[in-house]
Amino acid sequence: MAHDTHIHVRSQAEFEYAKKKRADEMKGHLATFAIMIFLTLIAFTMVAAGFSAYLIVPIILLLAGIQVILQLYYFMHMSGKGHGMVAFFMFCGMFVAFITVLALVTIVWW
Amino acid sequence: MDINQKYTPQSWPDHPETATMEGKNKFIGFWLLLAAETVTFASLFATYLALKDKGPSGMEFSAAGLFELPLVFAMTMILLTSSLTSVYAMYHMKNHNFKAMQAWLGITVLLGATFLGLEIYEFNHYVHLGFGFTNSAFSSAFYVLVGTHGAHVLFGLSWFIALMLRNAKRGLNMYNAPKFYLASLYWHFIDVVWVFIFTVVYLMGVIG
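As a convention, each chain's residues are numbered from 1 in the sequence order in which they are written. Chain A is the first chain written and ligand 1 is the first ligand written, with later ones labelled in order. Where local features are concerned, this predicted model is filtered to residues with pLDDT of at least 70; where side-chain atom pairs are given and counted, the filter is 80 or more; whole-chain, interface and lining totals use all residues. Side-chain metrics rest on all non-hydrogen atoms present in the structure, leaving aside hydrogens and water.

### Here's the deal with unusual backbone geometry
- With an omega of 10°, the peptide bond between B:Gly55 and B:Pro56 qualifies as cis.
- For the purposes of this entry, the term helix denotes a DSSP run of H or I that reaches at least four residues, the term strand denotes a run of E that reaches at least two, and both are numbered from the N terminus. One can find B:Pro56 in the loop between helix 1 (21–51) and helix 2 (63–66).
- If you check the backbone angles, A:His77 has positive phi at about 65° while not being a glycine.
- When you line up the elements, A:His77 lands in the loop between helix 2 (53–75) and helix 3 (84–109).
- On the accessibility criterion, A:His77 (15% relative accessible area) is buried.
- Backbone geometry places B:His96, a non-glycine residue, at a positive phi of 55°.
- With respect to the secondary-structure elements, B:His96 resides in the loop between helix 3 (69–94) and helix 4 (98–129).
- Since its relative accessible area comes to 15%, B:His96 is described here as buried. Each residue is assigned to one of three classes by its accessible area relative to the maximum for its type, calculated with a 1.4 Å probe on protein chains only: buried under 20%, partly exposed between the two thresholds, exposed over 50%.

Encoded structure:
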């Protein structure tokens, strides 16, 4: 608690600019939300329409992957500054998981 | 950092959640927690996939015959919308508009509670059909996976409510901004897990 924060009072112009930037960002979030709803609708519709499972499964898994990326990068602000460490650990984890699955599949299949 | 330091929208920093050392530490610690949570859910998903439609008893129930999509669709839309309302709450947090933030968090809590109510209804319905926790390997794996997610929803709701009540008179400051921010990150994570639950458990369950 000993870390004092420097308080910077913005000028009116700086303040208006930051406020507008946040409002624009919020519009982007709204667009992200619309895309996520759309992806969900596609997934449910495909299953309700009764296409072949071999077609549906890869597509709905892909749609889920896209939704997660949208959540992480926009709703959880990973596209913003200061998330380098988070992204680094996440990609390391994905790399290890990928190698593990690949090795296991190789051992089992070949 | 002085807890009693008052801010105006003009003096409120761009990133209040990481403006203090304490906020930075919470931020990195919380992402590490999410990494651990990811591993927890990954193992529960693996368990579920391995035991899906497996007995030895209770084989009259299968994922394809049990799950009903309309209810799951409603739950998905509600949780997805609550993810957006918590984004709105954080938007107002960054604008230093405490009342609007509290209002959007309130809406988020209501949507989350509705989701939880529907999940309880769903579980209750299955139990009445005879698909209880001890029915089969499939039923245990299903309840543990979806139930763990439901427990996270309950925890997230309690977290939001506790923060809203505790800080109702304090207003927004540099001390509690990171707390609100992390609770909203947790809520998004819950939605991320649900995306995989509705895809892997329900949609892939219905198509057999």
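### Digging into the nonpolar core
Residue and element names in this part refer to chain B.
- To qualify as a nonpolar core, a set must consist of buried Ala, Val, Leu, Ile, Met, Phe, Trp, Tyr and Cys residues joined through side-chain atoms within 4.5 Å. Core analysis: the largest hydrophobic core is formed by 92 residues, its most contacted members being Trp31, Tyr48, Phe67, Phe142, Trp194, Val201 and Tyr202.
- Counting residues per element, this core draws most heavily on helix 6 (residues 177–206), at 21 residues.
- We call two residues contacting when some pair of their heavy atoms lies within 4.5 Å. Not counting residues within four places of it along the chain, the set of residues in contact with phenylalanine 142 comprises Tyr48, Phe67, Glu122, Phe123, Tyr126, Phe131, Gly147, Val201 and Tyr202.

### Side note on the interface of chain B and chain A
- Chain B puts 49 residues into the contact, and the matching count from chain A is 46 residues.
- Summing both sides of the interface, chain B and chain A together bury roughly 4300 Å²; the carbon and sulfur share of this comes to 75%.
- Basic side-chain nitrogens of Lys or Arg form a salt bridge, by our definition, when they fall within 4 Å of a carboxyl oxygen of Asp or Glu. In this assembly, chain B and chain A are joined by 2 salt bridges.
- Note that B:Asp14 is salt-bridged to A:Arg22, the shortest N-O span being 3.9 Å.
- Within 3.5 Å is the distance limit for a polar contact, defined as a pair of N or O atoms, with the added protein rule that one can donate a hydrogen and the other accept it, and that residues adjacent in sequence qualify only through two side-chain atoms. Applying the counting rule to chain B against chain A returns 9 residue pairs in polar contact (both at pLDDT 80 or more).
- Elements supplying a minimum of two residues to the side of chain B that touches chain A: helix 1, helix 3 and helix 6 of chain B.
- It is helix 6 of chain B that contributes the most residues to the side of chain B that touches chain A, 14 residues altogether. Summed over both partners, the accessible surface that disappears when two parts come together, traced with a 1.4 Å probe, is what is meant by buried area.

### A closer look at the packing of aromatic side chains
- Aromatic rings from Phe, Tyr and Trp, taking only the six-membered ring of Trp, are treated as a pair when their centres fall within 6.5 Å; an angle between ring planes under 30 degrees marks them as stacked, one over 60 as edge-to-face, and anything in between as tilted. Scanning the entire structure with this criterion turns up 31 aromatic pairs over all chains.
- When the ring of A:Phe88 is compared with that of A:Phe89, the centres are 5.9 Å apart and the planes differ by 75°; the resulting orientation is edge-to-face.
- A:Phe89 sits in the partly exposed class, given a relative accessible area of 47%.
- With a centroid separation of 6.1 Å and 50° between ring planes, the pair formed by B:Tyr48 and B:Phe138 is classed as tilted. With B:Tyr48 in helix 1 and B:Phe138 in helix 5 (residues 137–166), this residue pair connects regions lying 90 residues apart in the sequence. A single burial state applies to B:Tyr48 and to B:Phe138, both of which are buried.

### Digging into the domain arrangement of chain A
- An automatic or database domain assignment supplies the residue ranges for each domain. Looking at chain A, the domain boundaries give domain 1 (12–76) and domain 2 (81–110).
- Using only C-alpha atoms to locate each centre, domain 1 of chain A and domain 2 of chain A end up separated by 24 Å.

### Quick word on the environment of A:Met36
- Residue placement: A:Met36 occurs in helix 1 (residues 12–49).
- Between the alpha carbons of A:Met36 and A:Ala13 there is a distance of 35 Å; along the sequence they are 23 residues apart.
- If near-sequence neighbours (up to four positions away) are discounted, A:Met36 is found in contact with A:Gln67, A:Leu70, A:Gln71, A:Phe75 and B:Leu80.

### Brief notes about the confidence of the model for chain A
- For chain A, per-residue confidence averages 89 on the pLDDT scale, and residues scoring 70 or more make up 95% of the total.
- Confidence of the predictor in every single residue is expressed as pLDDT, which spans 0 to 100. Per-element mean pLDDT across chain A ranges from 91 in helix 3 of chain A up to 93 in helix 1 of chain A.

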